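# Summary of structural features
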Amino acid sequence: MRLDCATANDPSPAAISPPPPYISGMNRFAWLALLVLVPAPSTQAGEIVLSNAALELRLDDTTGAVRQLRNVAKGLDLVTNQDGQPAFVVQTSTGAASAVSFTATPVAAFDGTAFDLHWNTDKAGIAFDVRIELPTSADDIRMIPCVTNTTPDLRVYSMEYPILGGIQRLLPAGGTDYELLSAAQGYLYREPYTNLPVETRRWLYPDGYGGASTQLWAYFRKDVGGFSMEVRDATGVAKNFMFNKEASTGDLRWSVETLTWDKSAGHGLDPAFDIRLVALTKGDWEEAADHYRAWSLQQAWASKGRVASRLDSQFPRWLYEQTYATTFGVSINLDQAKWYRALHDWVGGPLFHISGFWWPGGTAQSEWYGGYNDWNDARVNVANLTAIQQKGDRWGLFLFDLHFADGAHEWASSSPDPLTDPVAPWQPYNMSPDPEDAPWSYVCPATSAWPAFHGWRDVKTFDNYGYDANYYDIGAGLGRVRCENTAHGHPAGRGRWMIDGYRTMLNARRDELHTHAGRYVPAGTELISELYLREFDYYQARAEASVMSMLEGDHFRAGEKAGWKEKVPLFAYAYHDVGPVRLDGNLKAAAKFGEIFYWIAARTIAWGGLPELNYELSALEKFPGMTDTFTWYETYKDTFHVIDNSPYASAADRGLFLGRLGKARTGFAKPWLAYGQMTRAPRVVSGLSNVTVDWHLYNTFNRATDTTSGIERGSEYYEQGTLAVNPLITSAFTDGAAPASASVGLFFVNVTNTAQSVTIQTDPSRHGVSYLNYARTRLEDGVTQELGVQSGTQDLTLSLPSRAPVVIRLRPSECIGATCLYRVYRADTGSAASQAASALAAYQTAQGHNWDDASLNDGVSRFYLIDDGGGFPSTITLSKTATVLQIQW
């Protein structure tokens with residue numbers, strides 16, 4: 001079976017015409033030779049050029065490879081040394097396909113420049129095609145690639161396109177270049193041409209753990225401009241994003257490798273998406289995110305809309321409005337009731353607890369990761385549930401949602417329970433190749449049996465324990481999107497159909513569960529991909545902990561210590577107002593954690609998340625009044641519970657700080673931190689100098705502690721050190737209303753131990769809102785202070801208390817007076833209210849206005865007056881005739 005995709009134009013003599021203006025540097029013979037697939041004898045290579053006022057792309061006329069990509073307005077070149085780079089790479093079951101001929105056919109009926117590019121290859125039946133377009137008034141180039149396969153016994157595995165090699169610094173001197181990665185939900189690399197080591201890393205999408213959670217990458221010169229690359233794919237096709245340094249040249253290289261979801265013989269690869277190369281003109285990562293968000297919010301994954309607009313039956317309001325912080329990994333099996341109570345009191349407000357993972361029954365093989373007969377015991381300790389409920393906290397049931405124990409009764413044999421487990425044995429349902437190791441298997445979500453079991457288990461465990469939320473670890477967000485077992489009813493390959501399988505699994509009996517529970521029951525997972533915005537209400541992550549992160553943050557630690565890698569809230573910027581809540585920080589309650597605690601917690605909450613105290617890999621602290629000589633934690637090993645005979649004490653000041661942050665998020669900052677749309681952080685005119693904080697990373701898989709005896713022994717710290725950080729944490733959100741009426745919340749935390757003074761700019765346009773006159777209001781815990789009405793960009797000096805959040809609210813004003821601005825439009829055009837070129841006039845005196853329309857020459861000024869909340873000058877007489885306002889003095 002052949003998978004159809006766009007085919008290249010087959011030139012005929014009638015189609016041959018003089019070289020179009022897009023082909024430069026070629027003689028007529030070379031142009032004809034290009035069309036008839038004969039190598040041009042000219043020693044001067046020609047170029048295929050696509051250009052407009054924003055971008056210019058030059059392709060080699062004999063190979064189709066990219067030679068140059070230029071940001072015209074900013075004079076920036078992304079590709080400066082493309083020699084030796086292929087135009088594409090196609091991998092097949094018999095190896096890589098190499099190009100043997102190339103044609104480029106102009107598309108005449110297009111507003112701009114467009115070509116159909118076609119390559120024949122040395123693999124019989126394999127051809128590669130790209131439609132490439134640059135509209136006249138666009139800021140992005142559109143590329144639509146596909147592979148055609150007409151050979152019945154040949155398999156196509158992947159295609160890599162575009163390939164942009166020879167990337168160096170965007171300008172030769174001055175300024176700073178940054179690379180934006182979607183990895184770990186957003187990272188910046190400073191001066192990657194200098195700092196990035198030689199590597200060939202592939203960042204898999206969709207994979208929130210070791211790959212990409214969105215389909216966006218960017219390279220820009222700070223405050224100048226640059227480029228972004230985005231893939232506009234709504235279906236979940238698996239792909240590798242590559243931004244690497246090549247050993248042979250020392251240059252950087254961008255490319256996208258698309259992986260097939262159907263490796264069946266005779267199939268091609270038509271991903272049915274387009275790739276965009278975008279010109280950036282502001283020189284920050286937020287511009288790239290804004291461009292991507294404009295498309296991504298139109299996709300089905302964002303179809304639930306803004307969280308703030310949902311009914312109580314559609315989302316967990318308590319998680320957004322009543323939760324100060326979260327914990328992860330405190331045992332739900334051992335009696336930890338006094339710790340649950342102590343943690344609540346330490347923070348001073350409601351917590352959400354994701355329970356400990358092991359519920360031991362003796363061995364790993366007899367755990368709750370078997371079939372229908374392994375979910376009937378009572379391993380959740382009632383004392384813990386009582387303590388949680390008495391404090392008004394909530395809890396989530398931890399599950400490895402796709403793990404099956406190899407030693408479970410139903411794994412390899414239908415006995416001893418063939419009649420009570422409807423699908424035993426389960427062995428045929430595991431992924432192939434299995435991403436897990438014994439004694440676990442990872443079951444394929446694209447089977448029919450596992451989604452049915454998944455939904456049954458959710459209802460069964462709710463009946464057993466009445467949990468407040470589900471939590472699925474090592475689940476859909478971690479990029480397990482490959483299975484070669486066609487007996488499951490799906491083709492061999494990666495992505496797309498696996499994404500559909502995960503969605504089917506996650507939605508199995510969800511509506512029934514909500515009805516059964518009599519309330520909305522949220523679902524969460526480890527890490528996230530944009531593809532699952534509809535399926536999850538929260539996700540756990542660690543990278544906002546910076547050097548204190550583990551797992552997905554491990555790759556970035558060395559660069560963060562050296563100062564050239566930096567976490568940014570890319571995923572929150574794109575999806576905070578429509579997506580799940582992030583739980584992050586990998587925090588501990590002990591002073592031994594280090595002074596970095598305040599910086600991590602403040603940054604997590606400033607970016608819209610909830611700080612998380614994590615007890616996966618190190619013990620609970622001793623809290624006031626406790627006389628215990630040891631505390632517990634749980635492991636992912638057969639020893640289950642582990643004793644720490646020298647636990648740390650909790651630090652009261654850390655709990656007070658979390659309490660202040662939580663009170664802000666659920667109180668005066670709620671419209672923005674809980675529900676808002678993230679925008680650019682406020683511009684700081686005069687800020688705070690970096691401070692050095694200490695840190696001790698001991699909650700990590702990497703430490704050398706021996707727990708085999710059930711008692712912690714050995715080296716506790718994986719790493720420790722100091723880090724220079726900026727102690728002024730800032731962010732900004734709008735409340736999601738229309739631009740003319742939205743409010744903006746500028747969020748600030750000074751994490752030093754003394755009060756500090758800073759000067760910022762208030763500039764509504766920076767945050768995407770449109771009003772001329774705005775009131776500034778300072779909001780703190782129990783304090784509201786009006787700061788007056790302003791227009792345009794203004795400086796504001798703030799005194800920030802130590803370790804206490806402050807919000808500066810901007811909103812349209814209702815003022816009349818000399819400080820107000822008025823927007824004035826001509827009304828005789830028929831579209832006055834939408835005129836882009838408007839006059840701005842300050843109200844000073846009547847003589848100061850000169851708004852006459854000379855074309856009418858009748859002494860009456862005919863304009864639309866749009867006041868944007870500023871009111872009208874009292875000395876102006878207004879009368880309305882049809883759609884025209886007559887303004888007279």
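Read on for a plain summary of the structure.

Further remarks concern the overall build of the chain. Helix and strand content of the chain: 15 helices and 51 strands. The buried share of the chain, taken over its 889 residues, is 60%. Accessible surface for the chain amounts to roughly 31,900 Å². Of this, 49% is attributable to carbon and sulfur atoms.

On to the pattern of salt bridges. When the charged atoms of two side chains lie near each other, side chains of opposite charge can form a pair. Within the structure shown, the criterion is met by 47 salt bridges. A salt bridge links Glu-246 to Arg-253; its shortest N-O distance comes to 3.6 Å. Both residues of the pair, Glu-246 and Arg-253, count as buried. Residue Arg-582 is joined to Glu-544 by a salt bridge in which the shortest nitrogen-to-oxygen separation is 3.0 Å. Within this pair, whereas Arg-582 is found in strand 32 (residues 581-587), its partner Glu-544 is found in the loop between strand 30 (538-540) and helix 11 (557-562), the two being separated by 38 residues in sequence. Owing to a relative accessible area of 7%, Arg-582 belongs among the buried residues under this scheme. In this structure, a network of salt bridges that share partners links the residues Asp-116, Arg-131, Glu-133, Asp-140, Arg-142, Asp-274 and Arg-276.

Time to look at the packing of aromatic side chains. Ring pairs (aromatic) are described by centroid distance and by the angle formed between their planes. Within this structure, the stated rule accounts for 53 aromatic pairs. Look at Tyr-372 and Phe-453: their rings are 4.9 Å apart centre to centre, the planes differ by 70 degrees, and that puts the pair in the edge-to-face class. Here Tyr-372 is found in the loop between strand 22 (351-355) and helix 6 (382-390), whereas its partner Phe-453 is found in helix 8 (residues 449-465), with 81 residues between them in sequence. Residues Tyr-372 and Phe-453 agree in their burial class; the two are buried.

For strand 43 (residues 773-780) and strand 44 (residues 783-791), the ladder comprises 7 bridges, and the chain directions are antiparallel. By the bridge assignment for strand 44, Asn-773 is matched with Ser-791. Between strand 43 and strand 44, which pair antiparallel and follow one another directly, the connecting turn spans 2 residues, one of which, Gly-782, has a positive phi of 80 degrees.

Cut-offs used in this document
- All chains use their own residue numbering, which begins from 1 and follows the written sequence.
- Restriction of local features to residues with pLDDT of at least 70 applies here, the model being predicted, together with a cutoff of 80 or more for giving and counting side-chain atom pairs; totals for whole chains, interfaces and linings are based on all residues.
- For side-chain calculations, the full set of non-hydrogen atoms in the structure is used, while hydrogens and water are omitted.
- In this text, helices come from DSSP runs of H or I with a minimum length of four residues, and strands from runs of E with a minimum of two, each type numbered from the N-terminal end.
- Between buried and exposed lies partly exposed: a residue is buried under 20% and exposed over 50% of the maximum accessible area for its type, with that area taken using a 1.4 Å probe on protein chains only.
- Accessible surface is estimated by sampling points in the Shrake-Rupley manner with a 1.4 Å probe; for residues, cover comes only from the protein chains shown.
- Here, a salt bridge means any side-chain nitrogen of Lys or Arg that lies within 4 Å of a carboxyl oxygen of Asp or Glu.
- Aromatic contacts are taken between Phe, Tyr and Trp rings whose centres are within 6.5 Å, Trp giving its six-membered ring; a plane angle under 30 degrees counts as stacked, one over 60 as edge-to-face, and the others as tilted.
- Being paired, for any two strands, means DSSP has found at least two bridges between them.

Read these as layout, nothing more, since geometry by itself doesn't imply function.
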